[in-house]
Amino acid sequence: MELVIGDKAYSTWSLRPWLVLKHCGAVFDEIVVPLNQPDTDQRIREHSPSGLVPVLKVEGEVIWDSMAIAVWAAERYPQARLWPSEAHARFGGVRDARRLHRLAHGLFDRPGSLDGRPQPRTGAGPSGPGQGFAPDRRTVAEPA
Ligand SMILES: N[C@@H](CCC(=O)N[C@@H](CS)C(=O)NCC(=O)O)C(=O)O
């Protein structure tokens, strides 16, 4: 199993599946493609059909996208309990993870935006139903 990533210090997209796999106790080879180099795109495309890292190469599959890698890991390593076992909490966890995933795109891919839309410089950020990230605390931790 190989995890192809960018520099963990600069790419949280890369850091996240690395942390997930470590948490799961997975044994894997780490291939680091330095980002922002003249040959970065070419080197990433040797591994990734999307032209992006991270990519997990495992069991004949090429899994690209950090969230997809995490979903794979949750199924492959159930003992790691990446998702809550209780159904309601699990659905909420999927929802919140998806919202964080989308929010991170807004933060890192479009500077100045929290959710992909322009934000006022001095505003308090997004508010209201369906805007921004408002975690439901019941879904963050496994119920007692
Ligand atoms: N949604 C993707 C985002 C991946 C992404 O944007 N990766 C960046 C690194 S932070 C990348 O590969 N950029 C290509 C480049 O730097 O040439 C994921 O979760 O894996």
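See the structure shown above.
First things first, this report covers the structure right here in the doc. (Residues numbered from 1 in each chain as written. Predicted model: local features only at pLDDT ≥ 70, side-chain atom pairs only at ≥ 80, totals over all residues.)

Quick notes on unusual backbone geometry
Link 1 in the chain: The peptide bond linking Val53 to Pro54 adopts the cis configuration, its omega dihedral lying at 10 degrees.
Link 2 in the chain: Here Glu59, not a glycine, exhibits a phi torsion of approximately 50 degrees, which is positive.
Link 3 in the chain: Residue class for Glu59 comes out exposed when judged on the 9 C-beta atoms lying within 10 Å of it.
Link 4 in the chain: Unlike most non-glycine residues, Asp65 shows phi in positive territory, near 100 degrees.
Link 5 in the chain: Looking at the secondary structure, you find Asp65 in the loop between strand 4 (61-64) and helix 3 (66-76). (Buried ≥ 20, exposed ≤ 12 C-beta atoms within 10 Å, placed from the backbone. Helix = DSSP H or I, 4+ residues; strand = E, 2+ residues; numbered from the N terminus.)

Observations concerning the nonpolar core
Link 1 in the chain: Among the nonpolar cores identified, the biggest contains 15 residues, and Leu3, Val4 and Val53 are the most heavily contacted of them.
Link 2 in the chain: Among the secondary structure elements, those contributing two or more residues to this core are strand 1 (2-5), helix 1 (12-24), strand 3 (55-58) and helix 3.
Link 3 in the chain: Residues within four places of Val4 in sequence aside, it is in contact with Ile31, Val33, His47, Ser48, Val53, Pro54, Val55 and Lys57. (Core = buried A, V, L, I, M, F, W, Y, C linked by C-beta atoms within 7 Å. Contact = placed C-beta atoms within 7 Å.)

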